[in-house]
Amino acid sequence: MSVPALQTLDLSIGYSRRRKGDICLARALNLRLEPGALVGLLGPNGVGKSTLLRTLAAMQAPMAGQVLLDGEDARRMRPEDLARALSLVLTNTPYPDLMTGFELVALGRLPHSDWLGRLTESDRVAVNWALDAVNAGELARQVLTELSDGQRQRLMIARALAQETAIMLLDEPTAFLDLPRRVEIMCLLKQLAHQTGRAILVSTHDLDQALRNCDQLWLMREGAMLVGAPEDLVLDGSIRKTFLTDGISFDEGSGAFAVEAYAGAAIHVKGSGIGETWMRRALERNGYRHDPAAGVADISLGQNGQGPEWHLTIEERLSRHHSVAAVLEALKDAGI
Amino acid sequence: MMLLLMASVLGMLLLLSMALGSVSIPLDQIISALLVGESDTAAWKNIVLKFRLPKTLTAMLAGMALGVSGLLMQTYFRNPLAEPFVLGVSSGASLGVALVVLSTGASGAAMIAGLGFTGDLLLTTAAGLGAGLTMALVLLVATRIRSSLTLLILGLMFGYLVASMVSLLLYFALPERIQAYINWTFGSFSGVTIEQLPLLAAFVIAGLLIAATAVKALNALLLGEDYALSMGTNLRRARLQIVLSTALLVSAVTAFCGPIAFVGIAVPHLCRGILRTSDHRTLLPGTCLTGGIVALCASLIAEMPGNNLVLPLNVVTALLGAPVVMLVILRQFRGRQ
């Protein structure tokens with residue numbers, strides 16, 4: 001195993017409250033962030049993901065234990081040294097008036113610059129490289145107020161890259177973004193981890209993207225932290241247990257959350273093509289169970305002269321329908 | 001480039017402010033009075049050296065101080081409506097002045113006069129003490145709190161608290177004393193003598209130098225305290241630099257010139273509008289020059305050359321400042337849509 005970029009030793013995280021006593025969110029964490037890996041931090045709301053990130057970034061004192069950055073205690077490092085070891089991207093993207101994309105990314109060079117924060121030629125090279133790395137070269141001259149949330153978040157990531165730190169921590173960077181933007185940012189982070197050798201830890205609620213892109217997942221739930229490859233955590237049921245909530249469960253087959261089926265009538269859909277898959281979803285959405293063995297109705301996809309056609313069989317009686325909606329209607333009419 | 005233009009405008013205004021006044025003095029006489037300390041009549045020399053020079057320099061220094069402290073507050077609190085007085089320093093000064101002006105009865109005034117204090121100096125001392133004590137309080141608080149928002153709210157609350165105490169004093173005060181207090185609140189660049197000028201200058205220069213050392217932190221703070229911290233800013237030190245600088249600048253100006261409204265809030269907006277940047281390496285000298293320009297303009301307008309009428313300074317600064325703030329707010333609103 002390589003040397004970890006970040007390591008925690010028996011770390012306990014939480015915060016102290018005056019008079020009411022301390023709140024400890026997690027204890028005895030022994031975690032490792034390896035160079036070149038994208039790690040996803042997942043867990044229900046309020047479990048302490050942000051507190052963990054703040055503690056790892058030394059913005060908050062640990063309740064016990066240590067955070068080591070390249071072997072050095074993060075709490076004992078000077079702010080400048082810390083900023084050369086670890087960079088941060090948060091959920092919200094501040095955008096001061098009149099600031100351009102280049103200027104924003106250039107702020108990442110502050111820990112490397114003199115007392116006035118002047119940019120040298122090597123600083124400019126680093127800023128331009130970071131802009132290119134996130135495909136934001138064309139945003140360099142634009143004013144932040146004229147950009148979209150997704151573009152600004154890409155610039156914030158470029159800023160963290162320009163900081164040239166071995167570790168990048170991101171706290172729900174995609175929370176305010178639309179789906180394509182989320183996919184884009186998570187893919188970007190994966191590439192950056194693999195290509196630049198940075199250790200990147202990203203907290204997210206987007207389980208699907210985390211499963212697809214992360215090299216490792218940290219699953220946080222009350223009192224425990226499960227670490228492993230995404231697929232292993234799916235297969236051993238850890239993800240299902242972590243997000244266990246009444247009425248909603250994680251479906252290992254599809255890798256997504258689903259509302260638990262009502263105890264509705266059982267129906268059998270034959271076949272496994274795209275059409276059949278969406279028919280099953282339509283049935284699930286309407287509270288039917290899928291049961292190949294004991295279905296009160298059978299559905300299959302056939303053809304007629306004009307195109308595809310649904311064949312619905314209830315108690316040996318066959319009816320033909322041209323759309324999913326029509327099948328659902330027929331089921332309802334039959335009192336199923 | 002733009003900064004050079006600003007500097008030359010400031011230079012011209014300095015000359016203009018020396019040249020214009022209720023007594024017209026030939027330009028060559030003014031220059032010779034300034035350079036060699038001589039002019040054709042003693043009266044001209046007196047007017048130039050004892051009145052116009054201190055007034056002009058005071059206006060410039062006060063404008064610079066208020067402009068820069070306004071910029072510091074707006075960046076630190078990340079609020080376009082923040083101004084130098086949000087820390088409560090000028091409220092402290094006004095309480096000091098109110099205590100002296102309103103509470104001393106006839107015998108008290110005689111006693112103070114017996115100690116060698118005369119009117120203006122007494123007010124300056126009272127304002128300076130009030131501002132200084134508030135400044136110490138703010139610094140004490142600033143080292144202990146965690147977020148800038150706490151400081152902002154505490155400062156505002158302190159302002160309200162002090163304002164109510166002043167109101168209480170006003171309520172029980174004699175009418176002619178109330179007039180004296182109100183005169184102080186109008187603000188003036190003419191109260192500083194040539195002997196007091198070095199003291200004001202020392203405070204302002206010290207404040208500006210401290211502000212200059214905070215330039216890097218100010219740029220980082222544009223993204224908020226969390227990001228600033230993650231980019232290597234020592235937040236505690238930055239907060240001390242910003243608060244100390246503002247306190248020095250504002251307490252000195254308020255002590256010597258009274259509470260001068262609007263310059264502090266309007267100048268940074270004006271400067272950003274002209275320079276089109278958020279970089280404090282440009283904005284800091286920029287607000288310094290713009291502040292000097294605005295204050296000198298206000299001073300010139302207040303004196304209404306060729307006329308013996310002198311308008312209260314705060315009337316003029318608000319007349320200049322309010323439209324600027326309105327324009328900025330409207331433009332920002334449009335920009336966000």
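As the structure is a computational prediction, the values presented were derived from the model and not from experiment.

A. Region of the structure containing the overall build of chain B. Counting secondary structure elements, chain B contains 15 helices and zero strands. What you see for chain B is a C-alpha radius of gyration of 20 Å, in line with the 20 Å of a compact globule of 337 residues. In terms of its C-alpha atoms, chain B occupies a principal-axis envelope of roughly 65 × 50 × 35 Å. A total of 337 residues make up chain B; the buried ones form 48% of that total. A separation of at least 24 residues holds for 81% of the contacts in chain B among residues at least 6 apart in sequence.

B. Spatial organisation of the interface of chain A and chain B. Across the contact, 24 residues belong to chain A and 22 residues belong to chain B. Elements represented by at least two residues in the side of chain A that touches chain B include exactly α2 (79-85) and β7 (86-89) of chain A. With four residues, α2(A) is the single largest residue contributor to the side of chain A that touches chain B.

C. Expanded view of the packing of helix α3 (residues 42-76) of chain B against helix α9 (residues 197-213) of chain B. Residues and elements named next belong to chain B. Viewed as axis vectors pointing N to C, α3 and α9 meet at an angle of 25°, and their least axial separation amounts to 10 Å. As far as their axial angle goes, α9 and α3 are roughly parallel. The interaxial crossing formed by α3 with α9 has left-handed handedness. Across from P54, L57, T58, L61, M64, A65, V68 and L72 in α3, the residues of α9 making contact are L197, L200, A201, V204, G207, L208 and A211. Residue composition of the contact of α3 with α9, by class: 13 nonpolar, two polar and no charged.

D. Representation of the domain arrangement of chain A in the model. When the domains of chain A are assigned, the result is domain 1 (6-251) and domain 2 (266-333). Relative to domain 2 of chain A, the C-alpha centre of domain 1 of chain A lies at a distance of 46 Å.

E. Looking closely at the sheet that holds strand β16 (residues 297-303) of chain A. Residues and elements named next belong to chain A. Sheet architecture is open: five strands sit in the order β15-β14-β16-β17-β18, paired in mixed fashion. The strands lining the two open edges of the sheet, one partner per strand, are β15 (289-290) and β18 (317-321). In the sheet, strand β17 (residues 308-314) pairs with β18 via five bridges, with the strands oriented antiparallel. Along β18, the bridge assignment pairs W310 with H321. Running at roughly 145° to β18, helix α11 (residues 324-333) makes contact with β16, β17 and β18 of the sheet.

F. Layout of the sheet that holds strand β9 (residues 199-203) of chain A. Residues and elements named next belong to chain A. Here six strands make up an open sheet; going across it, the order is β7-β8-β9-β4-β10-β11 and the pairing mixed. Whereas interior strands pair on both sides, the edge strands pair on one side only; in this sheet they are β7 and β11 (224-228). Between one strand and the next, the sheet's axes are offset by a mean angle of 15°, whatever the strand orientation. Of the strand pairs in this sheet, strand β10 (residues 216-221) and β11 are connected by five bridges, and their pairing is antiparallel. Following the sheet pairing, L219 is matched in β11 by L226. Along the sheet, helix α5 (residues 149-162) contacts β7 and β8 (167-171); its crossing angle with β7, the most-contacted strand, is approximately 175°. Strands β4 (38-42) and β9 of the sheet are contacted by helix α6 (residues 179-196), whose axis makes an angle of about 160° with β9.

G. Spatial organisation of the packing of helix α1 (residues 2-19) of chain B against α3(B). Residue and element names in this part refer to chain B. Where α1 meets α3, the axes come as close as 9 Å, and the angle between the chain directions of the two elements is 145°. Two packed elements cross with a definite hand, and for α1 against α3 that hand is right-handed. Residues L14, S17 and M18 of α1 form the contact with α3, whose own contacting residues are V48, R52, L53, T56, A59 and M60. Its residues assigned to classes, the contact of α1 with α3 comprises six nonpolar, two polar and one charged.

H. Representation of the confidence of the model for chain B. Residues and elements named next belong to chain B. Mean pLDDT over chain B: 85, with 91% of residues reaching 70 or higher. Under a pLDDT of 50 for its full length, residues 110-117 has, in the predicted model, five contacts with residues more than four places off or in other chains. The ipTM for the predicted assembly is 0.83, set against a pTM of 0.85.

I. Representation of the pairing of β7(A). All names here are of chain A. Residues of β7 alternate between two faces, with L86 and L88 on one and S87 and V89 on the opposite face, all of them buried. Sheet topology places β7 next to β8; four bridges connect them, and they run parallel. Note on β8: the bridge partner recorded for L88 is L169.

J. Focus on the environment of S148(B). With respect to the helices and strands, the residue S148(B) is situated in helix α7 (residues 148-171). Aside from chain neighbours lying at most four places away, what touches S148(B) is Y76(B), F77(B) and E225(B).

K. Spatial organisation of the pairing of β17(A). Residues and elements named next belong to chain A. Looking at chain direction, β16 and β17 are connected through seven bridges and run antiparallel. Residue D298 lies in a different strand from β17, and its bridge partner there is T313. Hairpin connection of β16 to β17: four residues between the antiparallel strands, including G307 at a positive phi of 160°. Here β17 folds back onto β18 in antiparallel fashion, the turn holding two residues, of which E315 has a positive phi close to 45°.

L. The arrangement of α1(B) in detail. Residues and elements named next belong to chain B. The terminal C-alpha atoms of α1, which comprises 18 residues, lie 26 Å apart, in line with the 26 Å expected from a rise of 1.5 Å per residue. For α1, the complete set of buried residues consists of M6, L13, S17 and M18. All buried residues of α1 fall inside an arc of 135° around its axis, so they share one side. α1 presents L4, L5, S8, G11 and M12 as exposed residues on the side facing more than 90 degrees away from its buried surface. As for α1, its buried residues are in contact with α2 (27-36), α3 and α14 (280-303).

M. Broad picture of α9(B). Residue and element names in this part refer to chain B. Taking 1.5 Å of rise per residue, 17 residues should cover 24 Å, and α9 covers 25 Å from first to last C-alpha, within 8% of that figure. Along α9, the positions that sit buried rather than exposed are L200, F203, V204, G207, L208, I210 and A211. Down the axis of α9, the smallest arc covering the buried residues is 160°, so these residues share one side. Seen from the buried face of α9, the exposed residues on the opposite side, beyond 90 degrees, are P198, A202 and L209. Against α3, α12 (235-257) and α14 lie the buried residues of α9.

N. Expanded view of the environment of V234(A). All names here are of chain A. Within the element layout of this structure, V234 appears in helix α8 (residues 230-235). For the pair formed by V234 and D10, sequence separation is 224 residues and the distance between their alpha carbons is 26 Å. Aside from chain neighbours lying at most four places away, what touches V234 is L211, I239, E252 and G255.

O. Geometry of unusual backbone geometry. Residue and element names in this part refer to chain A. The backbone phi angle of A28 is positive, close to 45°, even though this residue is not glycine. Inspection of the secondary structure assignment puts A28 in strand β2 (residues 21-29). Residue classification places A28 among the partly exposed residues on the basis of 14 C-beta atoms within 10 Å. Within the chain, L98 stands out as a residue other than glycine whose phi angle is a positive 70°. With respect to the element layout, L98 can be found in the loop between β7 and α3 (101-106).

How each quantity is defined
Residue numbers run consecutively from 1 along every chain, following the written order of its sequence. Here every chain gets a letter starting at A, and every ligand a number starting at 1, in the order they are written. Per-residue local features of the predicted model are confined to residues with pLDDT of at least 70, and side-chain atom pairs are confined, for both listing and counting, to 80 or more; whole-chain, interface and lining totals are unaffected and use all residues. Only DSSP runs of H or I with at least four residues qualify as helices, and only runs of E with at least two residues qualify as strands; both kinds are numbered from the N terminus onward. Within these notes, the globule rule equals 2.2 Å times the number of residues to the 0.38 power, and the radius of gyration is based on C-alpha atoms. Counting other C-beta atoms within 10 Å of each residue's C-beta, where C-beta atoms are placed from the backbone, gives the exposure class: buried for 20 or more, exposed for 12 or fewer, partly exposed between. Any pair of residues counts as being in contact when their C-beta atoms, constructed from backbone geometry, are within 7 Å of one another. Comment: axis = line fitted to C-alpha atoms, over the contacting stretch for helices; angle = value between 0 and 180 degrees taken between N-to-C directions. Reported orientations rely on four angle classes, namely roughly parallel under 35 degrees, roughly antiparallel over 145, roughly perpendicular from 65 to 115, and oblique for the rest. Left-handed describes a crossing whose near helix is turned anticlockwise from the far helix through less than a right angle; right-handed describes the clockwise counterpart. All amino acids are sorted into three groups, where Ala, Val, Leu, Ile, Met, Phe, Trp, Tyr, Cys and Pro are nonpolar, Asp, Glu, Lys and Arg are charged, and the leftover types, Gly among them, are polar. Source of the domain bounds: an automatic or database domain assignment. By definition, two strands form a pair when at least two bridges between them are found by DSSP. A residue's pLDDT is simply how confident the predictor is in it, with values from 0 to 100. Each residue after the first adds 1.5 Å to the expected span of a helix. Within this analysis, the arc is defined by the directions that extend from the helix axis to the C-beta atoms.

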